[in-house]
Amino acid sequence: MPQTAQKQHYARAPGTGSQVTSLVKEAKAGSRTAFEQLVDLFQEDIFRMVFYRTRSTMDAEDLAQDIFMQAFKNLSGLKAVDRFRSWLYSIALNRVRDFNRKKRFRSLFYSFNDSHEVAQSYAKTNDHHEALDNLMIQDFWKQIGLLLDKLSRMEREVFLLRFMDHLSIKEISRVLGKSESTVKTHLYRALQKFKREYSILQLLQEGTP
Amino acid sequence: MSPDRDLHLDEDKLLWAVVDETELPLTLQEHLSTCPQCRAAKERLEQSLVRLGQVAERFAPLPRKRVSLPVEKPSSSIWWSWSRRSYIGAAVTVTLMIVIVWWSALFRTTPEDSEDMLAREMWEADRVMTEASMLVENALPPVYLDICGKSDPDYDEEFMQFLIPPIENEQLSYDAWRGGVELC
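Keep in mind it's a predicted model, so treat the numbers as computed, not measured. Every chain begins its residue count from 1, and numbering advances along the sequence as written. Chains and ligands are labelled sequentially in the order written, the chains with letters from A and the ligands with numbers from 1. Only residues with pLDDT of 70 or above have their local features reported here, since the model is predicted, and side-chain atom pairs are shown and tallied only from 80 upward, although totals for entire chains, interfaces and linings are computed over all residues. As a rule here, side-chain values cover all heavy atoms of the structure and leave hydrogens and water aside.

1. Focus on the interface of chain A and chain B
Part 1: Residue contacts are counted whenever heavy atoms from the two residues lie within 4.5 Å of one another. Across the boundary between the two partners, chain A contributes 53 residues, which contact 40 residues of chain B.
Part 2: Buried area is a sum: the accessible area each of two parts loses on coming together, probed at 1.4 Å, counted once for each and added. Where chain A abuts chain B, roughly 4,600 Å² becomes buried across the two surfaces, and 64% of that area is made up of carbon and sulfur atoms.
Part 3: In terms of surface lost to chain B, no three residues of chain A exceed A:Arg32, A:Lys184 and A:Tyr188, which account for 14% of the buried area on that side.
Part 4: Criterion for a salt bridge: a side-chain nitrogen of Lys or Arg within 4 Å of a carboxyl oxygen of Asp or Glu. Remark: the boundary between chain A and chain B carries six salt bridges.
Part 5: Across the salt bridge formed by A:Asp40 and B:Arg66, the nearest N and O atoms sit 2.7 Å from each other.
Part 6: We call two N or O atoms a polar contact when they sit within 3.5 Å, provided that within protein one can donate a hydrogen and the other can accept it, with sequence-adjacent residues counted only if both atoms are side-chain atoms. Our count for the contact surface shared by chain A and chain B stands at twelve residue pairs in polar contact (both at pLDDT 80 or more).

Right under this line is the structure:
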């Protein structure tokens, strides 16, 4: 893959930058329609971002709703309109952290079964898929879960933001409030661990449709 | 420039190249741009990561419902806020007027009321004057009047005459002492 195309894929953004910026300006000025258009542009990305971290469709839907509500209420506080995307992801990340913290607290009183939750969640939303496909999907998320468990909190976040949420290094540094060199160091360490995960590499090279 | 075989990127350098190629020393950057072997190794890793993102996206479910924004309240519009303010202002004015009218009605005096009031004041003045006259005649309270026997008016006159004889009697007794009684 040519390098330029590669970079474009990593830093993929919904809509063009200028389109998003003008919509953010309109929304800040009080246009509800403009904000609804921003929701249309970013809802799937934010939903997926939350799903990657919670692996529950229901939780991802509820959290996405909360995230956009929070963004809607606090949009007037956004100073740099060209940083809407990283601002939105930072809201999302904080919301997911809160959710996970509460979930950990609740788990002190009763036990969760994440893999079961993922399987159930996916089965509910994709009944039309073949059983074999479902098994493959569940296996994929299981492998991802195993990989992410081996990463530190920071490595996991940087890895997910870069390669699954397609944010640039600059955007990640804004979202996490860390310097770009810190982000790169964590990304490098995460890649070291990823490279050792032969099973997932094999799955990516062969098995996935 | 032919790629130098000794300068091939090791695994760590390859990972740094994936993270950010500009982080590599210039010599390695130049090597990477010319060495097909290193370039292929880097692209293989990058492709795996791109594929990871694509597969994750494909295997993630889609949201079943659209994010709904809070219902737009008409109170947020300028017109509504102004009309609401005017409604509140009108309500306050009407309430004030009612209170003022009620208050004035409460303390309003008619001619009949003033005549009654005058008669009441005159009766009160009479009562006060009567009390004052009684006090001028005898300022002692009833308890002291009982003690000194003044509560009985008949006895009182005799008693007083006994205690303090009239002046004529005094003059008579003085004249008698001087040389006999001379009756006029």
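Moving on, there is more to tell.
2. Quick notes on the packing of aromatic side chains
We describe a pair of aromatic rings using the distance from one ring centre to the other and the angle between the two ring planes.
Part 1: Put simply, two rings from Phe, Tyr or Trp (the six-membered ring, in Trp's case) pair if the centres are within 6.5 Å, and we call them stacked under 30 degrees between planes, edge-to-face over 60, tilted for the rest. Tallied over the entire structure, the rule returns twelve aromatic pairs over all chains.
Part 2: With a centroid separation of 5.4 Å and 80° between ring planes, the pair formed by A:Phe51 and A:Trp141 is classed as edge-to-face. You can see A:Phe51 sitting in helix α3 (residues 32–54) and its partner A:Trp141 sitting in helix α7 (residues 131–149), a full 90 residues away along the chain.
Part 3: Judged by relative accessible area, which is 1%, A:Phe51 ranks as buried.
Part 4: When a residue's accessible area, from a 1.4 Å probe over protein chains only, is under 20% of the maximum for its type it is buried; when over 50% it is exposed; and in between it is partly exposed. The exposure class assigned to A:Trp141 is buried, which follows from its relative accessible area of 2%.
Part 5: One aromatic cluster in this structure is built from A:Phe47, A:Phe51, A:Tyr52, A:Phe140, A:Trp141 and B:Phe59. The helix count covers DSSP runs of H or I at least four residues long, the strand count covers runs of E at least two residues long, and both are numbered beginning at the N terminus.

3. Quick word on the state of the cysteines
Part 1: In this description, the term disulfide denotes a pair of cysteine sulfurs within 2.5 Å. Counted according to the given criterion, the structure contains zero disulfides over all chains.
Part 2: Free of any disulfide, B:Cys35 has its nearest cysteine sulfur in B:Cys38, 3.7 Å distant.

4. Observations concerning the nonpolar core
Part 1: Buried residues of nine kinds, namely Ala, Val, Leu, Ile, Met, Phe, Trp, Tyr and Cys, make up a nonpolar core once their side-chain atoms join them within 4.5 Å. Counting 74 residues, the largest nonpolar core has A:Ile46, A:Phe84, A:Phe140, A:Trp141, A:Phe159 and A:Phe194 as its most contacted members.
Part 2: The contact partners of A:Ile46, leaving out residues within four places of it in the chain, are A:Ala64, A:Ile67, A:Phe68, A:Leu88, A:Tyr89 and A:Ala92.
Part 3: Judged by nonpolar contacts, the second largest core, of nine residues, contains B:Leu9, B:Leu28, B:Leu32 and B:Cys38.

5. A word on the confidence of the model for chain B
Part 1: The predictor's confidence in any single residue is recorded as pLDDT, a number from 0 to 100. The pLDDT averaged across chain B works out to 79; a share of 74% of its residues lies at or above 70.
Part 2: Ranking the elements of chain B by mean pLDDT puts helix α8 (residues 167–179) of chain B last, at 58, and helix α1 (residues 11–19) of chain B first, at 93.

6. Here we look at the packing of α1(B) against helix α3 (residues 36–59) of chain B
All names here are of chain B.
Part 1: Lines fitted to the C-alpha atoms define the axes, with helices restricted to the stretch that makes contact. Angles between their N-to-C directions range from 0 to 180 degrees. For the pair α1 and α3, the least separation of the axes is 10 Å and the interaxial angle reads 60°. Between α1 and α3, the angle is such that the two are oblique. Considering only the axes of α1 and α3, their crossing is right-handed. Two secondary-structure elements touch here, α1 through Leu 14, Leu 15, Ala 17 and Val 18 and α3 through Cys 38, Ala 41, Lys 42, Leu 45, Glu 46 and Leu 49.
Part 2: In terms of residue class, the contact of α1 with α3 is built from eight nonpolar, no polar and two charged. Between 65 and 115 degrees an angle is taken as roughly perpendicular, under 35 as roughly parallel, over 145 as roughly antiparallel, and anywhere else as oblique. Handedness of a crossing is defined here by the sense of rotation of the near helix relative to the far one, left-handed for an anticlockwise turn of less than a right angle and right-handed for a clockwise turn. Residue classes follow a fixed rule: Ala, Val, Leu, Ile, Met, Phe, Trp, Tyr, Cys and Pro count as nonpolar, while Asp, Glu, Lys and Arg count as charged, and any other residue, Gly among them, counts as polar.

7. Here's the deal with unusual backbone geometry
All names here are of chain A.
Part 1: Of note in the backbone geometry, Arg 55 takes a positive phi value of approximately 50° without being a glycine.
Part 2: If you trace the backbone, Arg 55 turns up in the loop between α3 and α4 (57–74).
Part 3: For His 166, which is not glycine, the phi torsion reads 60° and is therefore positive.
Part 4: Mapped onto the fold, His 166 is located in the loop between α8 (153–164) and α9 (169–176).
Part 5: Residue His 166 is classed as buried on the basis of its relative accessible area of 2%.

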